[in-house]
Amino acid sequence: MGETLRVGQVLRYASAKDPTDPVLDGYTNFHYVTDAPGHKKALLESGINGMAKVSAPGRRRPAILIRSSPWKAGSEQTPWHDVFDMDNGHVRYFGDHKAGLTKPPGTTTGNAALLDAFAEHQAPTPQERASAAPLLLFRAVSRNGKVKGFVEFCGLGVIERAERIVQWAGHEHTTFTNYVYDTALVDLTAENDQVDWDWITARRSPAVSDQEALAKAPRAWREWVKRGHSALPRIRRRVARARVFKVREQRPVPDSQRDDDLRFIYDQFEGRKHEFEAVASAVAARVLRGSGHGYREGWITRRTGDGGADFVGRIDLGTGLAGTSLVVLGQAKCILPDSLVSAEQIARVVARLRRGWIGIYVTTGAFSEPAQLEMVEDQYPIVLINGMHLARELRSMARDDHGNDLTACLNHLRYDQDVPITSRRPEEILLK
């Protein structure tokens, strides 16, 4: 693997364009990272910088480097405002046509390159998309009191839409026609948020076929080449996605001890919802205390009229005037280990939370990826304990207190008289 560009990395883009030193003024040297002996320098002199096409065997453009200059936004030179929403994988970038130009807006150097790339990105077959030019997006940033000479790498993009629009020319008090491009940033999690410059160098060589170059591409880009825009919902960059666990990661290895434990637990409490609530309450207490919190179990709610909660607890933070307490509203769901908890099911619990309350959801199943994504993006104050985590905690409790006898552990928890069953209101836990 050669030099890489990392999302969020600030690079020094010096006017000398010397690739010799890897670091300049304390920042990675853009020209060092992008240096490819035998090829022209990669440049960010303009807003839209298309590399020269090569024959391989068709006419392949290796890449288009985009630079946005936020400090110019709203000025006479740049009357528009580009939008970089990196958390949700979307960039809205305006083309390079300007007021006073007599040529058609699609024929300016930058627009022509992006419209050409847009056609490639809309290609119907994987073979055609394999040659499509990737967009490498940067934005100018200020460092050391300077607004020029530094750029931040913002990611790898695919053009979703190109729209012809009419813009206001600001100081010239007139309008002009231009293009705006909506671009999807692809997920680079598999590459640790990096793009290997060897991929771009391979695309610059006429001796390297599209498929050979594609082998060096990020995984999400290869997925897009294979499936086209239908893959974008899955491969779009979403910062929240880094905190989402795949369903398979939430389930024990089939036929393992953990898998046997989980299925045994489910069999013990299938059709015994109220008994499982006592077990869930104990596991929730163990998990929260294990992460260093002062947690106090409250009670199990009655079978009817529980107000959407199965058990209630309290987290104590600090002491005296320097402390506070949070109500914990618990939900317990004993479902088939192969089942999923949906976003709607989690949302129903969250809807019952008040200010100063948090939720905890304990299940023998797994949490769907959309449910987790919604929880992270909407910042739901809820803790999720899946079936594998539940089985691990219960086996640990069995080893600690019951000679590794899981049956004895479950029987003790289901009949635990220290946790009463009551219809008290959740906020009363703050009075205990």
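Residues numbered from 1 in each chain as written. Predicted model: local features only at pLDDT ≥ 70, side-chain atom pairs only at ≥ 80, totals over all residues. Heavy atoms only, no water.

1. Concerning the overall build of the chain
To keep things clear, this is the line we draw: In this description a helix means any DSSP run of H or I spanning at least four residues, a strand means any run of E spanning at least two, and both kinds are numbered starting from the N terminus. Computation of the radius of gyration draws on C-alpha atoms alone. For the globule rule, the value is 2.2 Å times the number of residues to the power 0.38. Burial classes follow relative accessibility: with a 1.4 Å probe on protein chains only, a residue under 20% of its type's maximum area counts as buried, one over 50% as exposed, and anything between as partly exposed. By definition in these notes, contact holds between two residues if any of their heavy atoms fall within 4.5 Å. Here the Shrake-Rupley method, with its probe set to 1.4 Å, supplies the accessible areas, and only the displayed protein chains count as covering residues.
Assigned secondary structure in the chain consists of 13 helices and 22 strands. For the chain, the C-alpha radius of gyration of 28 Å lies well beyond 22 Å, the compact-globule estimate for 432 residues. With respect to the principal axes defined by its C-alpha atoms, the chain has extents near 85 × 50 × 40 Å. Out of the 432 residues in the chain, the part that is buried amounts to 49%. Across the chain, the fraction of contacts at a sequence separation of at least 24, relative to all contacts at a separation of at least 6, is 63%. For the chain, the accessible area works out to roughly 20700 Å², and carbon and sulfur atoms hold 48% of it.

2. Looking at the sheet that holds strand β21 (residues 382-385)
The cut-off we apply is this: Two strands are counted as paired when DSSP detects at least two bridges linking them. Note on geometry: axes are lines fitted to C-alpha atoms, helical ones only across the stretch in contact, with angles between N-to-C directions running from 0 to 180 degrees.
Taken together, the six strands give an open sheet; going across it, the order is β21-β19-β17-β16-β15-β22, and neighbouring strands pair in mixed fashion. Because the sheet does not close on itself, it has two edges, and the strands there are β21 and β22 (421-422). In the sheet, strand β16 (residues 311-317) pairs with strand β17 (residues 324-333) via seven bridges, with the strands oriented antiparallel. The partner of D316 across the bridge, within β17, is S325. Its contacts with the sheet put helix α9 (residues 273-290) on β15 (294-301), β16, β17, β19 (357-363), β21 and β22, and the angle it makes with β15 is roughly 170°.

3. A word on the nonpolar core
Operational definition: In this text, buried Ala, Val, Leu, Ile, Met, Phe, Trp, Tyr and Cys residues form a nonpolar core when linked through side-chain atoms within 4.5 Å.
If you look at the biggest cluster of nonpolar residues, it comprises 54 residues, and the most contacted ones within it are I64, L65, L114, L136, F138 and W221. The dominant element in this core, judged by the number of residues it contributes, is strand β12 (residues 150-168), at six residues. Judged by nonpolar contacts, the second largest core, of 33 residues, contains A278, V287, A332 and V419.

4. Details of unusual backbone geometry
Located in the positive-phi region is D25, a residue other than glycine, with phi close to 55°. Unlike most non-glycine residues, N404 shows phi in positive territory, near 65°.

5. Quick notes on helix α10 (residues 343-350)
Cut-off, in case you're wondering: Arc, as used here, means the arc of the directions from the helix axis to the C-beta atoms.
Those residues of α10 lying buried are A343, I346, V349 and V350. Seen along its axis, α10 keeps its buried residues to an arc of 120°; they face one direction. Looking at the buried positions of α10, the neighbouring elements they touch are β17, β18 (340-341), β19, β20 (366-367), α11 (369-377) and β21.

6. Concerning the packing of aromatic side chains
Aromatic rings considered in pairs are described by the distance between their centres and by the relative angle of their planes. Here is the rule: Two rings from Phe, Tyr or Trp (for Trp, the six-membered ring) form a pair when their centres sit within 6.5 Å of each other. Planes less than 30 degrees apart are called stacked, planes more than 60 degrees apart edge-to-face, and all others tilted. Only lysine NZ and arginine CZ atoms are considered, and such an atom sits over a ring when it is within 6 Å of the ring centre and within 35 degrees of the ring normal.
Summed over all chains, the structure comprises nine aromatic pairs. With 5.7 Å between their ring centres and 75° between their planes, F30 and F138 make a pair best called edge-to-face. You can see F30 sitting in helix α1 (residues 30-33) and its partner F138 sitting in strand β11 (residues 135-140), a full 108 residues away along the chain. Aromatic rings pair up to connect Y13, F30, F138 and F153 into one cluster. Lying over the aromatic face of F150, R12 brings its terminal NZ or CZ to 4.9 Å of the ring centre.

7. What to know about helix α12 (residues 387-401)
In an α-helix there are 3.6 residues to a turn, and that puts residues three or four apart on one side. As a reminder, the rule being used: For a helix, the expected span equals 1.5 Å multiplied by the number of residues minus one. In the analysis that follows, any N or O atom pair within 3.5 Å is treated as a polar contact, provided that within protein one partner can donate a hydrogen and the other can accept it, and provided that, for residues neighboring in sequence, both atoms belong to side chains.
Its 15 residues place the ends of α12 21 Å apart at the C-alpha level, agreeing with the 21 Å of an ideal helix rising 1.5 Å per residue. Looking at the buried positions of α12, the neighbouring elements they touch are α8 (257-269), α9, β19, β21 and α13 (406-414). A distance of 3.2 Å separates the backbone nitrogen of M388 from a side-chain oxygen at the start of α12, and that oxygen is part of N386.

8. Some remarks on the pairing of β16
Among the seven residues of β16, five are classified as buried, and the element is accordingly described as predominantly covered. Here six bridges tie β15 to β16, and the two strands are oriented antiparallel to one another. Residue Y295 lies in a different strand from β16, and its bridge partner there is I315. Linking two consecutive strands that pair antiparallel, namely β16 and β17, is a turn of six residues; a positive phi of about 70° is found at G318 within it.

9. Brief notes about the pattern of salt bridges
Here is the rule: The working definition used for a salt bridge is a side-chain nitrogen of Lys or Arg within 4 Å of a carboxyl oxygen of Asp or Glu.
Throughout the structure, instances matching the rule amount to 27 salt bridges. The shortest N-O distance in the salt bridge between R314 and D316 comes to 2.9 Å. Put simply, R354, R424, R425, E427 and E428 are held in one network by salt bridges that share partners.

10. Some words on the confidence of the model for the chain
Note the following rule: For every residue, the predictor reports its confidence as pLDDT, a number between 0 and 100.
Mean pLDDT over the chain stands at 91; residues scoring 70 or higher make up 95%. Note on residues 73-77: pLDDT is under 50 here. Beyond four places in sequence and across chains, it has nine contacts.

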